[in-house]
Structure formats: C-alpha cells, structure tokens
Amino acid sequence: MSSTNSTKFLDLFNNVDEYKQAMCAKVVDVIRTSNRLGMENFDRIMTIESCHDKINQLSERILHRIYQMKSHIQSSDWDQLDSDEKLEQLVDINDTLFERIASALDDADGLKQSSVSTVVRQVVIKPQLKFKHKIDNSTQIPFIPKIRNKPHAQIPLPMFMTQMNFESIDLDLLEKHPEILDHPYVNEITSFEPDEIVLKLGELHFPKTIEQTKCLFVDTIDTLKTMMDHIEIQSELAIDLEHHSYRSYQGFTCLMQISSRTEDFLIDTLALRDELSILNNVFTNPKVLKVFHGADWDVEWLQKDFGIYIVNMFDTHQAGKELNLPTLSLAYLLKTYCNIDASKQYQLADWRLRPLPKEYCRYAQEDTHYLLYIYDRLRNQLIESNKNNTEFLRSVYSKSKIICLRLYKKPIFDENTYKTLYLKAHKTNFNGSQLAALKLLYAWRDKIAREEDESTSYVLPDLLLIHLAELLPKDPQGIRACCKLVPELVEKNLEEIHRLLMQAIEKPLVDLNDVKSNFDECLQNTRSISSSNKHISTES
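Residues numbered from 1 in each chain as written. Predicted model: local features only at pLDDT ≥ 70, side-chain atom pairs only at ≥ 80, totals over all residues. Heavy atoms only, no water.

- If you look the chain up in an unreviewed UniProt entry, it shows as Exosome complex component 10 homolog from Rotaria magnacalcarata.
- One UniProt comment on the chain, placed under Subcellular location (unreviewed entry), says "Nucleus".
- Recorded in UniProt for the chain, the comment headed Sequence similarities (unreviewed entry) runs: "Belongs to the exosome component 10/RRP6 family." (UniProt positions renumbered as here; feature names shortened; annotations may be inferred.)

### A look at the environment of Ala364
Right, on to step 1. Among the secondary structure elements, Ala364 is positioned in helix H13 (residues 358-369).
Right, on to step 2. For Ala364 and Asp240, which are 124 residues apart along the polypeptide, the C-alpha to C-alpha distance reads 8.4 Å.
Right, on to step 3. Excluding anything up to four places from it in sequence, Ala364 contacts Leu255, Gln257, Leu266 and Trp351. (Helix = DSSP H or I, 4+ residues; strand = E, 2+ residues; numbered from the N terminus. Contact = heavy atoms within 4.5 Å.)

### Structural notes on the sheet that holds strand E5 (residues 289-292)
Right, on to step 1. Reading across from one edge, E1-E4-E3-E2-E5-E6 is the order of the 6 strands in this open sheet, with mixed pairing throughout. Two strands close off the open sheet at either side, each with one partner strand: strand E1 (214-218) and strand E6 (313-315). Ignoring which end each strand starts from, the neighbouring axes of this sheet average 25 degrees apart.
Right, on to step 2. One ladder, built from 5 bridges, connects E1 with strand E4 (residues 263-268); its direction is parallel. In the strand pairing of E4, Leu216 is matched with Phe265.
Right, on to step 3. Packed onto the sheet, helix H8 (residues 221-231) meets E1, strand E2 (236-244), strand E3 (252-259) and E4 and runs at close to 135 degrees relative to E1.
Right, on to step 4. Seen against the sheet, helix H15 (residues 391-404) touches E5 and E6 and runs at an angle of roughly 105 degrees to E6. (Pairing = 2+ DSSP bridges. Axes fitted to C-alpha atoms, helices over the stretch in contact; angles between N-to-C directions.)

### Considerations on the nonpolar core
Right, on to step 1. Of all hydrophobic cores here, the largest spans 74 residues; its most connected members are Met227, Met256, Ile258, Leu279, Phe283 and Phe314.
Right, on to step 2. Considering every element that reaches this core, the biggest residue donor is helix H14 (residues 371-384), with 8 residues.
Right, on to step 3. Those residues in contact with Met227 that lie beyond four places of it in its chain are Val218, Ile258, Phe265, Ile267 and Leu279.
Right, on to step 4. One finds Phe430, Ile466, Cys482 and Leu500 within the second-largest nonpolar core, a separate group that totals 34 residues. (Core = buried A, V, L, I, M, F, W, Y, C linked by side-chain atoms within 4.5 Å. Buried < 20%, exposed > 50% of the residue type's maximum accessible area, 1.4 Å probe, protein only.)

### Here we look at the pattern of salt bridges
Right, on to step 1. Evaluation of the coordinates by the stated rule reveals 25 salt bridges.
Right, on to step 2. Residues Glu454 and Lys126 are paired through a salt bridge, measuring 3.0 Å at the closest nitrogen-oxygen approach. Here Glu454, found in the loop between helix H17 (432-452) and helix H18 (456-459), pairs with Lys126, found in the loop between helix H4 (83-115) and helix H5 (159-162); they are 328 residues apart in sequence, far enough to count as distant. For the pair formed by Glu454 and Lys126, the shared burial category is buried.
Right, on to step 3. Each of Glu236, Arg261, Asp376 and Arg379 takes part in salt bridges that share partners, so that together they form one network. (Salt bridge = Lys/Arg side-chain N within 4 Å of Asp/Glu carboxyl O.)

Here it is in structure tokens:
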C-alpha cells in the first residue's frame, strides 16, 4: 500500500462513514429499482424470453450466494426446507450478516481512529434533552396541539387555548374541553379553493443552479427574521423536512427546507424549535401556495413539533398519481423534469449532526430547489392531459386538502399487536410459554422506549425480540448469548427481561386457539397499512 493510500479505508474511502454511506446508497438504489419493477408486472415481464432467461440466471446466482452464506451460518439442510422456512432462515441470515458487518465496521473505524489522529468521531448527544418542553410519551394523555395563536383564522382559536400552559394539561381539562384535540384549521382547509390563475397553463422558467442561488442557513432569531421578510412576500414556496426517529419514540424534525423562486433556506429546527410557530403566518395563508412532495408525514410532523398547519397545498406526489407516472419518487421527478440525478448517499443520514456537513446541506437544498419548477411542469401536464380541462388539477388540490386535514396523534399501545409481529416473523408454532414471552417482551419494550425516549427498534429489534421469545433463555447470561450485539437497554435491564421470561415459562398463555383466532385479521391489517404507506419509502 502506498503512503498516499495508507490513511484510506479499503484504499478507496476517506473513512468508514464514507464507505457506509456509499454502501447505503447502493442498497437504496437496488430497492428503488426492484420497486420500479412492480409485482403486478412480473408475470408479463416473464413472458419475454430474454427477460425470462436473464431473471432465471440471476435467481440461480442469488440462490447460490444464499446457500454459500447459509453454509457458514446455519446447519440445517437447505434443500429440505419449504418456502416459509427458507424465508425465515434468510431473515435470520440477513440479520446475522448485518450484525457482523456493523461490528466489523466499528472495529475498523476504531482502528482507523487510533491510527489517524486527525480524525475525530462525532458523538451525537440526544437533542431532545435540551428541548424547552419535555416530550411526553405517556399513554395517559393524548397529544395536545401546540398552537396558541391562529393567524388567517375564519373561526378564532378558543380563548382558553391561547392561554394554555404546555406543562399543565390534565385529563380533567380534556374532559371539559374535548375540542382541544380537534384540528384548528378544519374550516380554513375545507373551504379553500385554488385561485383561477393557478388553474391555467403557466410559463416555464428553469431555476438557476444551486451554485448560483443564494442559500441562507437559519439558526438564529436574526436569520429567522431575514427569512420571514423574504417568504412573507412570496406567492409560492417549496417545503420539505428531514426527520429523525431512531433515537426517539415519537421522532422529531431536525431540518426544514424552504425554497422560493429565487432563494433557498435551510432551517435548523433543533436550534429554533420553540420559535417556528411564526411560520403559520405564511403556512396557513391561503394566498401562498405551499408545494410539498409526499406530505403525509410532513403535515403531522409540523403539527407535532412546532404547532404549524398548512392551508393551500399542492402535493407533487398526488400529482404524479393523477398522471399515472411510472414512478412517484422525487428522484424520478428531478430526473424527468430537471435532468438532475438526485444524490442517494445521504438518504439514511443522521440529521441530528451539528454542524451539518456541507454535503448534507447540498442534499437537503436540492430537495426543494427545483420543486417549484416541477410543480409548474406537473400543473401544465395535468391541464394538457385532460384537453385543457382543470378536473385533474382540481383533483390534486382536493387530495392535498385531505392530507392537510391529517391530525397528529400520539402512538397508542395495543397489547395484542404482538400478534402482528409474530405473523410478520413467519412463526406459526410457538407454544404457550413462547407466546407469553413474546407478549410480555413486546409490552416491556414499548414501556422502556417511552420512558427513555427511544424507538422500539433501538430498545430491542424485532428479530431479537422474536429470538428471545423463541429460545426462552433461563438466565441473564443466556440472554446475552442470544444477542450477537447486546443492545444498550437490554444490558441495562437484563434482570427485568429475565424475570419476564421466567414468568412466561411459569404462566404460559393457556388458550392458544383463542390467541391465534384473530391472527388472519392482524395479517390483513398489516398488509393494508403497508400498502397505504408504501409510497413513503420511495419518496426520496
């Protein structure tokens, strides 16, 4: 190895993080390509001889690789397994491989840190520890809207809501005023109709490049005022959010991007979390069009984190649906209408990092920089595809209004949803003790996640939860042995987990027929939810 490459990871990457990002980009690309294929088109594609032969060749290669991996990890006879058993083993193999990869990368990163003194690992302290208002993950009190001032109101906010204290909400108050939980802009959203001028064909002006466009990073009151002075005089804005959910139970917004026709803004929503309700002056203004792409979750996150609502929105994802575009992702729109190849490298980035690396800022800016131009193209296409009739365009506005009416609700805990996890893991033969362990661990995981403000996946990943319930280790050391890498909160609560496993052995679920009677219903619900949210995984 030459001296030039002596500090590079695998002689190609500057550090392990760069390697991880590159690999993630490859994985995302494969997923997007497979989603583009679509199972509904598979049978038709297989009738094409060249495609049939190529797919069969690839299938054989993949199965051969799987068998090679299996031989190093599993000992069962692969050829004698049925399809469900093979799928179950593939899930286990995949989990094991990723654990090994993660461990190896951490080891490599540690070696690199010790050998290259100029590289410093960035430790992210949980931003929510510094939030002015502590996040309430409890199940007793539902999510209370944060709005205390209602600009552009047709119906004013009740006086008592303008004076409510964030920290003193109780059930008695909710019983007395159940309207607290209602959507405060229902009337304004439902009565909104787009102006006739936006229902006509418009001129197209391709935006300047990102390098030629002014971009302001907004992380102080002064820069927030500067941005407000600009966006309050605009008639159209493009908006997007970057959200973090792995180290938080309900998740939180880390960055907001806003673009006008001439300027871009990146808002540090961690630094300005308690100051951003001022955006309602623009976001609820029916005279200002807000363009989003796939706004289903964005609308709820804005409510949850900042008390922000949207009136007058155009969702480009809904426009893509109306036009029956082959793919509904923002990446497709960027390529089709702007000839921009969207970066995939930072789709899985940790947006809590501060300061944000320049590459992250560039990626975030790109999400909204071209979105108003894409809106122009989609608006014209919606009109032209319907013989200059505005029916399709009005339909997009109507569907966007429905999204604006979404109301954030705190995740509830249903003690029976462990059955859905059981089905997703393709388990059908758990005995009473194993099912009891699954139910107890599922409830324990949710309780700890709420208390520690962590995601359930961080506390105890699904596969490990299933694994513990299946093996029923008899002592704390056995619990450790079940984990290739012991999660932090599993190690911290070993005795409690051990107690629950012993309880499951001593008090198994007796009536297994009753336990399994509604599994088909759970499976159907899971498929329904997965189908309704499928577009979210391919938005970027």
